[in-house]
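What the coordinates show
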Amino acid sequence: MAKKDRIVLAYSGGLDTSVAIGWIGEQTGAEVIAVAVDVGQGGEDLEVIRQRALDCGAVEAYVADARDEFANEYCVPALKANGLYQNAYPLVSALSRPLIAKHLVRAARQFGATTMAHGCTGKGNDQVRFEVSFTSMAPDLTCIAPVRDLALTRDVAIDYANKHKLPIETTKNNPFSIDQNVWGRAIETGFLEDLWNAPTKDVYSYTDDPTYPPLPDEVTITFDQGVPVAVDGRKLSVLEIIQELNQRAGAQGIGRIDMVEDRLVGIKSREIYEAPGAMTLIAAHKELENVTLEREQARFKHRVDTRWAELVYDAQWFSPLKNSLDAFIEDTQRYVSGDIRMTLHGGRATVTGRKSDTSLYDFNLATYETGDTFDQSHSRGFIEIYGLTAKLAAARDVRFGNGVDFGVGDL
Ligand code: ARG
């Protein structure tokens, strides 16, 4: 008998991907290798998920604890870039897909698979992120999406699971589509599709209601070259720092986001996010950059940051341009070291103090006390030359009767 083709499936342990194992087998005749990656989404034990994949008919099941890798190699670059898509969304799902894709490609090489599979629909960004990531790492591999390409709808999945007695819950009816990891949580669909409907309490799980917060919580975050290294003076791994801030900022209801977002596939969609740790860290990191980046570098970096977030959102994690921007961003972080103190309270992370040995803030220049070192007499000549082009243009306007109209008629 000829050797069967092998397909690597991005496996979550949930209904759709559990059914997909058998479904792909039936539809394509290939063997399925299930790969589950822990990016800090919580929930079931990886070993339980691995066993379920095997019970559902996978020939191999591979699970990876990628939480530190995700924190260090995906969340940290996002933090250095202050990564917010549309100035609001901290790229939660967009960051995890390239990492999951990497583990899938590794498994494909290890187990001799030629095709990749994922459980995404044909309407979202995640299908694009998976597939562009696969091609960017392994241009020889092909890809199928059972939900999109093999008509594996929800009803079909429930029937299939019941008929084959798969060890998976088919009755739980979650109205939302949820994706979560240590950087945050995304909630969409259901009644949220009506833009006028406010999110209800059950939408949230990483954050408590900010309307009734506990007492204010003061936290100091220490950065070393853009990387968070300690909380309140305790040295921790990046993963531990994100986890601790998820708890503490989450308890204060920080990092809830309700937005209408422009998807890569052209749809505008309503999204709710909660990212307490990420939003707190980004606020702290931005403030430390305000203190340590030279003005022109800071201004330019804002544009690079915006573009970086768009590229990552748009499935370009492994792209040449994103790599080049990473090099620029990395270079800017050389002096982004020091402490940021914040008060976490009632939905807000407010900076109350900054301390840095690599600061560009010069007290003696900035102070309004006597004895400052800023020579104000130089400002006069500076403004004369700085304002010269404005002066020339205004004089011309006056000559041609186009001067500013002060509404007092001809005097
Ligand atoms: N809209 C967000 C993004 O594109 C979140 C996607 C969440 N994924 C999901 N399968 N629910 O990054």
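The structure under discussion appears in the preceding block.
Quick summary incoming for the structure in this document. (Residues numbered from 1 in each chain as written. Predicted model: local features only at pLDDT ≥ 70, side-chain atom pairs only at ≥ 80, totals over all residues. Heavy atoms only, no water.)

With that settled, the discussion passes to the sheet that holds strand 3 (residues 60–65). The parallel open sheet is built from five strands, whose spatial order is 3-2-1-4-5. Looking along the sheet, the strands with just one partner apiece sit at the ends: strand 3 and strand 5 (142–144). When strand polarity is set aside, the average angle formed by the axes of neighbouring strands in this sheet is 25°. Pairing geometry for strand 1 (residues 6–10) and strand 2 (residues 31–38), over five bridges, is parallel. Within strand 2, the residue paired with Ala-10 across the bridge is Val-35. Those strands touched by helix 1 (residues 15–28) are strand 1, strand 2, strand 4 (115–117) and strand 5, and its axis lies near 160° from that of strand 1. (Pairing = 2+ DSSP bridges. Helix = DSSP H or I, 4+ residues; strand = E, 2+ residues; numbered from the N terminus. Axes fitted to C-alpha atoms, helices over the stretch in contact; angles between N-to-C directions. Contact = heavy atoms within 4.5 Å.)

Taken together, 14 residues lie near the ligand, and Tyr-89, Asn-125, Asp-126, Arg-129 and Glu-261 sit nearest. Taking Arg-129, its side chain carries an N or O atom lying 2.8 Å from an oxygen atom of the ligand. In this structure, Glu-188 approaches the ligand through a side-chain N or O atom, which is 3.2 Å from a nitrogen atom. Protein burial of the ligand: of its 340 Å² of free accessible surface, 89% is covered by the chains. Only helix 4 (92–111), helix 5 (126–137), strand 6 (177–181), strand 7 (184–188) and strand 12 (268–274) provide two or more residues apiece to the shell around the ligand. When the residues that make up the shell around the ligand are grouped by side-chain class, the tally is five nonpolar, three polar and six charged. (Near = heavy atom within 4 Å. Polar contact = N/O pair within 3.5 Å; in protein donor to acceptor, adjacent residues only side chain to side chain. Areas by Shrake-Rupley, 256 points an atom, 1.4 Å probe, with all protein chains shown as cover. Nonpolar A, V, L, I, M, F, W, Y, C, P; charged D, E, K, R; others polar.)

This next bit is on the pairing of strand 6. Two strands pair when backbone bridges link them, and strand 6 and strand 7 are joined in this way by five bridges, in the antiparallel orientation. Along strand 7, the bridge assignment pairs Gln-180 with Arg-185.

Let's shift gears to the nonpolar core. Counting residues in hydrophobic clusters, the biggest one holds 78 residues, and the most contacted among them are Val-8, Phe-70, Leu-91, Leu-95, Trp-183, Leu-281 and Trp-308. Considering each element in turn, this core owes the most residues, 11 residues, to helix 4. Formed by 27 residues, the second largest nonpolar core is a distinct cluster that contains Ala-157, Ala-161, Leu-166 and Ile-168. (Core = buried A, V, L, I, M, F, W, Y, C linked by side-chain atoms within 4.5 Å. Buried < 20%, exposed > 50% of the residue type's maximum accessible area, 1.4 Å probe, protein only.)

So, on to helix 3 (residues 67–80). When the terminal C-alpha atoms of helix 3 are compared, their 18 Å separation across 14 residues agrees well with the 20 Å that a helix rising 1.5 Å per residue should span. With 10 of 14 residues buried, helix 3 lies mostly within the body of the structure. For helix 3, the full list of buried residues reads Glu-69, Phe-70, Ala-71, Tyr-74, Cys-75, Val-76, Pro-77, Ala-78, Leu-79 and Lys-80. Remark: Asn-82 follows helix 3 within two positions and exhibits a positive phi of approximately 45°. (Expected span 1.5 Å × (residues − 1).)

Bringing helix 8 (residues 238–251) into the picture now. With 14 residues, helix 8 extends 20 Å between its outermost C-alpha atoms, agreeing within 8% with the 20 Å of an ideal straight helix rising 1.5 Å per residue. Here helix 8 lies mainly inside the structure; 10 of its 14 residues are buried. Inspection of helix 8 places Val-238, Leu-239, Ile-241, Ile-242, Glu-244, Leu-245, Asn-246, Arg-248, Ala-249 and Gly-250 among the buried residues, and these make up the whole buried set. Buried residues along helix 8 sit against helix 3, strand 8 (217–224), strand 9 (227–231), strand 10 (234–235), helix 9 (276–292) and strand 13 (338–345). Positioned one or two residues after helix 8, Gly-253 has a phi angle of 70°, which is positive.

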